[in-house]
Amino acid sequence: MSGAVRVQGLEFAYPDGRTALRGLDLTIEEGERVAILGPNGAGKTTFALHLNGILRPQRGEISFGSLELNDENLMEIRRRVGLVFQDSNDQLFMPSVRDDVAFGPANLGLRDEDLGARVATALDAVDALELADRPPHHLSGGEKRRAALATVLAMEPDILVFDEPSSGLDPAGRRELIEMLRGLPMTQILITHDMALAMELCTRSVILSEGRVVASGDTAEMLMNSSLLARYRLEFPHAPNPVTPPGPG
């Protein structure tokens, strides 16, 4: 399976009748790093949950290379499409970080030296080997984010999907996250409100509104288009105007 993503006519409504996706069409090429932007309620998280098969299309199709999202392929897709949740606590539930990172590969049948090597490789990729024996609930926000990402990398995915990856991180943790993601070679899809993060990491951005793609293009061009951003309740964070100190006397 490649890291390419094809979404055609994706529709989904929740049991309460709220329609979240309305015929969404999107193609992401292998190796791309793409930001998915949009106001609250645009369908961004619902879209992310479809990419890993947590939610299933009510109409439309999703494919990853030649592999279509269906019951027959679901386990393989979940192995190959790694979803990193906004709240790292949703992915960290074992007594130690090592146990959390080992959980997925162990369920695939890896044991002993093979399992240990897979865990070490994933932790090393996010500079978290020193966290291996620590309880997840004792970690800082940035450490939890690294550990959660390691649990996904241990499955050796082709595609990474992040839901608000910079949420809750302090500036140092956010910078560490950016450098980590820059160093990962697989296709990356970032669901985010963080426009500056999108600018730093993603060559292409996609805006969702009311469950549809309404704009797609070069990130820098889109984020400098103030009228486009205003139309969809988005705003690029500009540096504040410098304060002129008062004169003498």
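Being a predicted model, the structure only gives us computed values, none of them experimental.

It is worth spelling out the overall build of the protein at this point. Looking only at helices and strands, the protein features nine helices and 10 strands. The C-alpha radius of gyration of the protein comes to 19 Å, within 12% of the 18 Å expected for a compact globule of 249 residues. Seen along its three principal axes, the alpha-carbon backbone of the protein occupies a region of about 70 × 55 × 35 Å. Burial statistics for the protein: of 249 residues in total, 51% are counted as buried.

Quick look at a negative patch on the surface now. Where like charges cluster on the molecular surface, the negative patch consists of Asp124, Asp127, Asp170 and Glu176. You can see glutamate 176 is positioned in helix 6 (residues 171-182).

Quick look at the sheet that holds strand 7 (residues 159-163) now. Taking strand neighbours across the sheet as the criterion, the six strands line up as 6-7-8-3-9-10 in an open arrangement whose pairing is mixed. Looking at the sheet topology across the chains shown, the edges are occupied by strand 6 (81-84) and strand 10 (212-218). The mean angle between the axes of side-by-side strands here comes to 20°, regardless of whether they run parallel or antiparallel. Both strand 6 and strand 7 contribute to a ladder of four bridges, which runs parallel. Bridge pairing in strand 7 places glycine 82 opposite leucine 160.

What follows deals with the packing of helix 3 (residues 97-107) against helix 4 (residues 112-125). Between helix 3 and helix 4, the least distance of the axes is 9 Å, while the angle of their chain directions is 120°. Comparing the axis directions of helix 3 and helix 4 gives the class oblique. As for the relative orientation of helix 3 and helix 4, their crossing is right-handed in sense. Of helix 4, the residues touching helix 3 (which contributes Val97, Arg98, Val101, Ala102, Pro105 and Ala106) are Leu115, Arg118, Val119, Ala122 and Leu123. Partitioning the contact of helix 3 with helix 4 into residue classes produces nine nonpolar, no polar and two charged.

This part takes up the sheet that holds strand 4 (residues 59-64). Overall, antiparallel pairing links the four strands, which are arranged 2-1-4-5 in an open sheet. With one partner strand each, in any of the chains shown, strand 2 (19-28) and strand 5 (67-68) form the two edges of the open sheet. The pairing of strand 1 (residues 5-13) with strand 2 spans seven bridges and is antiparallel. Its bridge partner lying in strand 2, valine 7 is registered against leucine 26.

All right, on to helix 6 then. For helix 6, built from 12 residues, the straight-helix expectation of 16 Å at 1.5 Å per residue is met to within 8% by its first-to-last C-alpha distance of 17 Å. Regarding helix 6, the residues found buried are Gly173, Arg174, Leu177, Ile178, Met180 and Leu181. Across the axial projection of helix 6, the buried residues extend over an arc of 165°, all falling on one side. Close packing links the buried residues of helix 6 with strand 3 (33-37), helix 5 (141-153), strand 7, strand 8 (187-191) and helix 7 (195-201).

Within the chain, aspartate 112 stands out as a residue other than glycine whose phi angle is a positive 50°. Mapped onto the elements of the fold, aspartate 112 is located in helix 4. Accessibility expressed as a relative area gives 63% for aspartate 112, which makes it exposed. Backbone geometry places arginine 233, a non-glycine residue, at a positive phi of 55°. Position of arginine 233 among the secondary structure elements: in the segment after helix 9 (226-231). Take arginine 233: its relative accessible area is 74%, and that puts it in the exposed class.

This part covers the pattern of salt bridges. Enumeration according to the criterion identifies 15 salt bridges in this entry. Of the charged contacts in the structure, one is a salt bridge between glutamate 32 and arginine 204, with a shortest N-O distance of 3.0 Å. With a gap of 172 residues between them, glutamate 32 in the loop between strand 2 and strand 3 and arginine 204 in strand 9 (residues 204-209) connect regions that are remote in the sequence. Both residues of the pair, glutamate 32 and arginine 204, count as buried. A salt bridge links aspartate 158 to arginine 80; the nearest nitrogen and oxygen atoms lie 3.9 Å apart. Of this pair, aspartate 158 sits in the loop between helix 5 and strand 7 while arginine 80 sits in helix 2 (residues 74-80); the two residues are 78 residues apart in sequence, bridging distant segments of the chain.

What counts, and where the lines are drawn
Residues numbered from 1 in each chain as written. Predicted model: local features only at pLDDT ≥ 70, side-chain atom pairs only at ≥ 80, totals over all residues. Heavy atoms only, no water. Helix = DSSP H or I, 4+ residues; strand = E, 2+ residues; numbered from the N terminus. Rg over C-alpha atoms; globule rule 2.2 N^0.38 Å. Buried < 20%, exposed > 50% of the residue type's maximum accessible area, 1.4 Å probe, protein only. Patch = residues over 30% accessible without salt bridge, like charges linked within 9 Å, V, L, I, M, F, W, Y side chains within 5 Å. Areas by Shrake-Rupley, 256 points an atom, 1.4 Å probe, with all protein chains shown as cover. Salt bridge = Lys/Arg side-chain N within 4 Å of Asp/Glu carboxyl O. Lys, Arg positive; Asp, Glu negative; His and termini not counted. Charge placed at Lys NZ, Arg CZ, Asp CG, Glu CD. Pairing = 2+ DSSP bridges. Axes fitted to C-alpha atoms, helices over the stretch in contact; angles between N-to-C directions. Parallel < 35°, antiparallel > 145°, perpendicular 65-115°, else oblique. Left-handed = near helix turned anticlockwise from the far one by under 90°. Contact = heavy atoms within 4.5 Å. Nonpolar A, V, L, I, M, F, W, Y, C, P; charged D, E, K, R; others polar. Expected span 1.5 Å × (residues − 1). Arc of directions from axis to C-beta.

Nothing here speaks to function; it is geometry throughout.
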